[in-house]
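Chain by chain, the residues:
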Amino acid sequence: MDTYIEQAGLKSILQKVRAGERLTIEDGRSLYNHPNILAVGYLANIVREQKNGNQAFFIYNQHINYSNICTNLCKFCAFGKEKGDALAYEMSVEEIKAKVRERLDEPINEIHMVGGIHPDLPFSYYLDALRGIKEVRPDVHIQAFTCVEIHHLAQLAGQSVQQTLNDLVDAGLGSLPGGGAEVFSPRIRQATCERKLPGTGWLEVAKIAHQQGLRTNATMLYGHIETIDERLEHLDALRRTQDETGGFLAFIPLAFHPKNTQLTEHSGTTGINDLKNIAVSRLMLDNFPHIKAYWVMIGPKLAQVALSFGADDMDGTVKEEVITHMAGAETAQALGHKTLIRLIQEAGRQPVQRDTLYNILATY
Ligand code: V47
């Protein structure tokens, strides 16, 4: 295999990967532009196995999108709606509790809860939502509110991000999901989501969360108008932040779905683009413990293949995913844990059921 990698012109990167040396932006550019996905995937698989051996993680989780009413109205998003729009909705705390109650017979470990930037829900709603979930399901880990939502909640409460996070943690918050990062480049934000918290603000909230001992994830929305260099700048900013704090758990590349968005002239991503993003992020983010292949966005079959191209986590059972499905995702709304186990086993990996913080709950 080494000869194959050398013939592909990737010998110096192979040597760095074997030695655990950091790759440069220039290396990242060569990898993104490389036509041989097998060679790039092979390199990513070395790092994947150095960090996680043969294990492939999944979680028993539930998604709750409490409201899609949003003042940001990003061009790539089909989920966010203006108040009054026919498709706009918002759940009461009682409705959120009912969603949790509906699935009490399932061994759910994590509730993933995000929404839009709502113009007038009070801060107390978010605290009550967390407390309500904990009332119904006391042991569940709540991974909720992106860095963008946290920044909004701090403004709403008229207090610091630190104090806001303290209040949310007291009410039941366990960690933050990785959404809202999009692509940090000011050019991309100006063109696609000008009202959203800038990339620097997103990173600042993540840092504050990490300093308070909260773990968070990070994402990158790729496959629209971003360039390869803008992707690499995004990865580099995450890598530098992780050097400072060590608080990120997983990176999740998110494949852009164009349907019902304001960017419908773009077609969806291809399998090779999806695998490249997983492989290059595994190689560049040498200080991130985990890379997720989010099956909702790339499909369970490609997510299975991605387990040999850098990814070590398939996310989870999910159920009732709304954000990607409003943008045309044709994947299922949920996967049973037996299906996840089978997908992982047939990929030649060991299925590991985890909790949010990657404590092992069961191996198969
Ligand atoms: O923040 C919006 C993105 C994110 C579209 O942390 C879109 O473990 C594709 O962040 N096509 C929400 N993506 C999802 C998310 C997530 C999912 C799973 C696990 C975790 C985690 C995080 O989806 C949004 C935005 O970046 N998004 N519109 C679209 N049309």
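Residues numbered from 1 in each chain as written. Predicted model: local features only at pLDDT ≥ 70, side-chain atom pairs only at ≥ 80, totals over all residues. Heavy atoms only, no water.

Glancing now at the sheet that holds strand β8 (residues 290–291). In spatial order, the strands read β6-β7-β8; together these 3 strands make up an open sheet with parallel pairing. The sheet terminates laterally at β6 (216–222) and β8, the two strands that pair on one side only. The sheet contact formed by strand β7 (residues 248–255) and β8 spans 2 bridges and is parallel. Within the sheet, the bridge partner assigned to Ala250 lies in β8 and is His290. Helix α12 (residues 271–284) contacts β6, β7 and β8 of the sheet and is inclined by roughly 160 degrees relative to β7. (Pairing = 2+ DSSP bridges. Helix = DSSP H or I, 4+ residues; strand = E, 2+ residues; numbered from the N terminus. Contact = heavy atoms within 4.5 Å. Axes fitted to C-alpha atoms, helices over the stretch in contact; angles between N-to-C directions.)

The next thing to look at is the nonpolar core. Ranked by internal contacts, the top residues of the largest apolar core, which has 110 residues, are Met113, Phe145, Leu168, Trp202 and Leu238. When residues in this core are grouped by element, the largest group, 8 residues, is from helix α6 (residues 123–136). Among residues more than four places away in sequence, those in contact with Phe145 are Tyr66, Met113, Val114, Tyr126, Leu130, Ile150, Leu153, Leu168, Leu173, Leu176 and Pro177. One finds Phe57, Ala250, Val352 and Tyr358 within the second-largest nonpolar core, a separate group that totals 5 residues. (Core = buried A, V, L, I, M, F, W, Y, C linked by side-chain atoms within 4.5 Å. Buried < 20%, exposed > 50% of the residue type's maximum accessible area, 1.4 Å probe, protein only.)

This paragraph deals with the UniProt feature "binding site: S-adenosyl-L-methionine" (unreviewed entry) in the chain. The residues that UniProt annotates with the feature "binding site: S-adenosyl-L-methionine" (unreviewed entry) are Phe76 and Glu182. Taken along the chain, the residues just named run across 107 residues; in space they keep tight, none of their C-alpha pairs more than 9.5 Å apart. Among the annotated residues just listed, those lining the largest pocket are Phe76 and Glu182. Within the element layout of this structure, Phe76 appears in the loop between β2 (61–64) and α5 (93–102). With a relative accessible area of 9%, Phe76 lands in the buried category. Ignoring any residue separated from it by four or fewer positions in sequence, one finds Phe76 in contact with Glu182, Thr192, Cys193, Lys196, Leu221, Phe256, His257, Thr261 and Leu263. Looking at where Glu182 falls in the secondary structure, it is placed in the loop between β5 (173–175) and α9 (186–192). Glu182 sits in the buried class, given a relative accessible area of 9%. Of the polar contacts made by the side chain of Glu182, one reaches the side chain of Lys196; its length is 2.5 Å. (UniProt positions renumbered as here; feature names shortened; annotations may be inferred. 1 Å grid on protein atoms, 1.4 Å probe; cavity = no way out; pocket = protein on both sides within 12 Å on 5 of 7 lines; lining within 4 Å. Polar contact = N/O pair within 3.5 Å; in protein donor to acceptor, adjacent residues only side chain to side chain.)

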